[in-house]
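# Fold and contact review
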Amino acid sequence: MTQATQTQQALLEALAFQLELGADEAIGEAPRDRFEETPPRRGADPAAPPAVPARPPAEAWQSALALARAAATLDELAEAMRRFEGSELRLGARNLVFADGLPGARVMVIGEAPGGEEDRTGKPFVGRAGQLLDRMLAAIGLARTAPAPEDAVYITNILPWRPPGNRTPSEAEVLSFLPFVLRHVELAGPDFILALGGTSAKALLGTATGIKRLRGRWVRHEASALPLLPSFHPAYLLRAPADKRLAWRDLLSLRAALDGEAPDV
């Protein structure tokens, strides 16, 4: 193998590693040598992330609330979210990821945020995590493609825009879009909510408790008065397959609720 071939192979391996980490697109037109940039001021932690406001600006919240309330249909809500200028996430995303499945389905699945594949297609849960979710739902007789509300699911996320690099959404970003999420639940009209992942469960329940303590316990969603079941996000289960047994218990609990066993909320 020549030196040029070895160099090319090394570059391809480095690129594959970055893709696994979620860095699947450039965020600038030209590379930047950050070693040549101004060093941090003395005493600052160069590894510390930039400060993020804990809450969105009041005007962004009021704008989201007004747009959400004015939407009378799901199509109007999607357009309102597309017009919302209270978050810069849309500037770095390709597509609004609104929903998939059957509106009016008895189960509404709410995840966290779109990933790279979702951003490209404009549909939630279509990557590896989405494929796992489809298999999980099929195991209890549900499918996003089912024509009947009792067999179908309706799927969305807390955020409609992909965060750069698939990072965890900030609290400010979550709160900015929460009025749209709550209106989405009203317009979709499910009987049960399945909240997947810590970001989704904490946002909907207004708590700081982690998903490992929340999962598996039915709670009453205050805004909609619907029974809500928190569970693990499929992306987490891909990293921690041992916890699939716990997710299976959650699915069985959801199936029992669909079959008429009242959830203990």
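Everything below is about the structure printed above this text.
Residues numbered from 1 in each chain as written. Predicted model: local features only at pLDDT ≥ 70, side-chain atom pairs only at ≥ 80, totals over all residues. Heavy atoms only, no water.

Let us look at the pairing of strand E6 (residues 227–231). Burial analysis of E6 places five of its five residues in the buried class, the great majority of the element. The side-chain alternation of E6 yields two buried faces, one formed by Pro227, Leu229 and Ser231 and the other by Leu228 and Pro230. Here four bridges tie strand E4 (residues 192–196) to E6, and the two strands are oriented parallel to one another. Bridge pairing in E6 links Leu194 to Leu229. Relative to E6, strand E5 (residues 219–220) runs antiparallel, the two being bridged by two bridges. When the bridges of E6 are listed, Val219 appears paired with Leu228. (Buried < 20%, exposed > 50% of the residue type's maximum accessible area, 1.4 Å probe, protein only. Helix = DSSP H or I, 4+ residues; strand = E, 2+ residues; numbered from the N terminus. Pairing = 2+ DSSP bridges.)

Among the five residues in strand E3 (residues 153–157), five count as buried, and that is most of the element. What you see with E3 is no split at all: Val153, Ile155 and Asn157 on one side and Tyr154 and Thr156 on the other are buried throughout. Bridging between strand E1 (residues 100–101) and E3 involves two bridges; their strand directions are antiparallel. Bridged to Gly101 within E3 is Tyr154. In this structure, strand E2 (residues 107–111) lies alongside E3, joined through five bridges in parallel fashion. When the bridges of E3 are listed, Ile110 appears paired with Thr156.

Under the definition given, this model contains nine salt bridges. One salt bridge in this structure joins Arg215 and Asp250, with 2.7 Å as the shortest N-O distance. Taken as a pair, Arg215 in the loop between helix H8 (211–214) and E5 and Asp250 in helix H10 (residues 244–258) lie far apart in primary sequence, 35 residues in all. Judged on exposure class, the residue Arg215 and its partner Asp250 are both buried. One salt-bridge network, in which partners are shared between bridges, spans Asp100, Asp134 and Arg144. (Salt bridge = Lys/Arg side-chain N within 4 Å of Asp/Glu carboxyl O.)

A word on unusual backbone geometry. In this model, Asn166 sits at a positive phi of 60°, which is unusual for a non-glycine residue. Relative to the helices and strands, Asn166 is located in the loop between E3 and helix H6 (171–188).

H6 packs onto helix H2 (residues 58–70) with a crossing angle of 15° between their chain directions and a minimal axis gap of 8 Å. Put simply, H2 runs roughly parallel to H6. In this structure, H2 meets H6 at a crossing whose hand is right-handed. Packed against H2, whose contacting residues are Trp61, Ala64, Leu65, Leu67, Ala68 and Arg69, the element H6 presents Leu175, Ser176, Leu178, Pro179, Phe180 and Arg183 at the interface. A breakdown of the residues in the contact of H2 with H6 according to their chemical character gives nine nonpolar, one polar and two charged. (Axes fitted to C-alpha atoms, helices over the stretch in contact; angles between N-to-C directions. Parallel < 35°, antiparallel > 145°, perpendicular 65-115°, else oblique. Left-handed = near helix turned anticlockwise from the far one by under 90°. Contact = heavy atoms within 4.5 Å. Nonpolar A, V, L, I, M, F, W, Y, C, P; charged D, E, K, R; others polar.)

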